[in-house]
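# Residue-level structural notes
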Amino acid sequence: MSDPPKVDLNQPVKAPFFSGMSLQLSNAAAREWVTKRRELLRPWGEFFNTKRFRNPSSPQLGFRNALANIYHYQSNYTCIFIGLFIYCIVTSPVLLFALAAFLGACYIIHIKNAQGKILVLGREVTVAQQYVVAGAFSFLFFFFAGAGDVVFWILGVSFFIILLHAYFHDREVAADGFELEMEPV
């Protein structure tokens, strides 16, 4: 049995069929954003600590908590949004099929253009025009798969969960108790 391959997360990921696209993981801005999200990710034990969920004494205190928590747990909230997005795609077979069809069309466009120029009725069809046609047909698949409903469901549920957590999660330690914080050795 061989060992799994070692992956260096600091190196850009190179996918052969995405090499011509403008957005890659080697993009400095995208890499910086992902790195910052990882650095600012708070411990999930702290995030889900049920002892810190309280009804604020006033709406002003609740809104102050919400603003502070949205800033403090921003990376955790991003992970929740991404998790809900993945959940929606995986649990909807029609949407998963539509997404696979769109990605398959993009892959075929890439392969065909690598072999040579595409001619339709004696005229060359540019890569951008091919992607527009693939996007137009995929839009119909996404429409019938209910992608619009999924997008608004994800936004609504994310907004509700994040605001509920941010409003009721009190980051301040109560004066009558203490919390044990462990430091790495």
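For the structure given in this document, a descriptive report is provided here. Because the structure is a prediction, the values reported are computed rather than measured.

Calculation notes
- Residues numbered from 1 in each chain as written.
- Predicted model: local features only at pLDDT ≥ 70, side-chain atom pairs only at ≥ 80, totals over all residues.
- Heavy atoms only, no water.
- Helix = DSSP H or I, 4+ residues; strand = E, 2+ residues; numbered from the N terminus.
- Contact = heavy atoms within 4.5 Å.
- Areas by Shrake-Rupley, 256 points an atom, 1.4 Å probe, with all protein chains shown as cover.
- Expected span 1.5 Å × (residues − 1).
- Buried < 20%, exposed > 50% of the residue type's maximum accessible area, 1.4 Å probe, protein only.
- Phe/Tyr/Trp six-rings, centres within 6.5 Å; stacked < 30°, edge-to-face > 60°.
- Axes fitted to C-alpha atoms, helices over the stretch in contact; angles between N-to-C directions.
- Left-handed = near helix turned anticlockwise from the far one by under 90°.
- Nonpolar A, V, L, I, M, F, W, Y, C, P; charged D, E, K, R; others polar.

### Details of the overall build of the protein
Regarding its fold elements, the protein presents seven helices and two strands. Each helix and strand of the protein, placed in order from N terminus to C terminus, yields the pattern α-α-α-α-α-β-β-α-α. For the protein, the share of sequence-separated contacts (at least 6 apart) that also reach a separation of at least 24 residues comes to 79%. Approximately 14400 Å² of the protein is accessible, and the part contributed by carbon and sulfur atoms is 68%.

### Regarding helix α4 (residues 74-90)
For α4, built from 17 residues, the straight-helix expectation of 24 Å at 1.5 Å per residue is met to within 8% by its first-to-last C-alpha distance of 24 Å. Residues Ser75, Asn76, Tyr77, Ile80, Leu84, Cys88 and Ile89 constitute the buried set of α4. The secondary structure elements touched by the buried residues of α4 are α1 (28-40), α2 (44-47), α3 (59-72), α5 (93-115) and α7 (147-168).

### Some thoughts on the packing of aromatic side chains
Throughout the structure, instances matching the rule amount to 12 aromatic pairs. Each ring, one from Trp44 and one from Phe47, has its centre 5.3 Å from the other, and the planes form 85 degrees; the classification is edge-to-face. Of this pair, Trp44 and Phe47 both sit in helix α2, three residues apart, which is roughly one turn of that helix. Arranged with centres 5.5 Å apart and planes meeting at 70 degrees, the rings of Phe47 and Tyr77 form a pair that is edge-to-face. Placement of the pair is Phe47 in helix α2 and Tyr77 in helix α4, with a sequence separation of 30 residues. In this structure an aromatic cluster arises from ring pairing among Trp44, Phe47, Phe48, Tyr73 and Tyr77.

### What to know about the packing of α4 against α7
Working note: a packed helix pair is described by the angle between its axes plus the distance between those axes. Remark: α4 packs on α7, axes separated minimally by 10 Å, with the N-to-C direction vectors making an angle of 150 degrees. The two elements α4 and α7 cross, and the hand of that crossing is right-handed. Each of Tyr77, Phe81, Leu84, Phe85, Tyr87 and Cys88 in α4 lies in contact with α7, whose residues at this interface are Val150, Trp153, Ile154, Leu155, Val157, Ser158, Ile161, Ile162, His165 and Ala166. Among the residues making up the contact of α4 with α7, the classes are represented as 14 nonpolar, two polar and no charged.

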